[in-house]
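As a plain string of letters, each chain reads:
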Amino acid sequence: MTEYSEKVMDHFMNPRNVGEIADASGVGTVGNAKCGDIMKVYLQIENGVIVDAKFRTFGCGAAVATSSMATELVKGKTVQDALQVTNKAVMEALDGLPPVKVHCSCLAEEALHAALWDYAEKNNIKIDGLKKPVNDIEALHHHEEV
Ligand code: FES
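Conventions used here
Residues numbered from 1 in each chain as written. Predicted model: local features only at pLDDT ≥ 70, side-chain atom pairs only at ≥ 80, totals over all residues. Heavy atoms only, no water. Pairing = 2+ DSSP bridges. Helix = DSSP H or I, 4+ residues; strand = E, 2+ residues; numbered from the N terminus. Axes fitted to C-alpha atoms, helices over the stretch in contact; angles between N-to-C directions. Contact = heavy atoms within 4.5 Å.

Okay, the sheet that holds strand 3 (residues 49–58) next. If you trace the three strands from one edge of the open sheet to the other, you get 1-2-3, paired in antiparallel fashion. The open sheet is flanked by strand 1 (26–32) and strand 3, the only strands paired with a single partner. With direction set aside, neighbouring strand axes in the sheet form an average angle of 15 degrees. By the bridge criterion, nine bridges tie strand 2 (residues 37–46) to strand 3 in an arrangement that is antiparallel. When the bridges of strand 3 are listed, Glu46 appears paired with Val49. Taken strand by strand, helix 2 (residues 61–74) contacts strand 2 and strand 3, and its axis lies near 170 degrees from that of strand 3. Most of the contacts of helix 5 (residues 102–123) go to strand 1, to which it runs at about 150 degrees, and overall it touches strand 1, strand 2 and strand 3.

See the structure below:
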């Protein structure tokens, strides 16, 4: 049986920030073709600061828990600082994930990046270090496995 930390269970059973933001500053959708899961992240950004973040996912429990934690972590951060909220940072905040579930945390990171990208495009700005998002995380190989 797979072991989940108490924090993962908490964020899975009581996910924070589930929902949508009407007229969001940025929206990002990313899927994982391998498991078929999909994640959508909404960001409300004012003066370069993320004032609200919400998500919807058709994903597994680990995807729910990581999106919940990721949206909690980016709130109040500048768009630049939000890039520090990597899948690794989210997993650490959750006290770890079983190795087979690491890819689920990448879904949250990529959807977050896609929403930031959308915001940057709409406002004609450049966020240093932000790469063009992919639609399917299986196209990525740069994530850190821990
Ligand atoms: Fe697909 Fe977790 S199994 S995101």
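Next comes the rest of the write-up.
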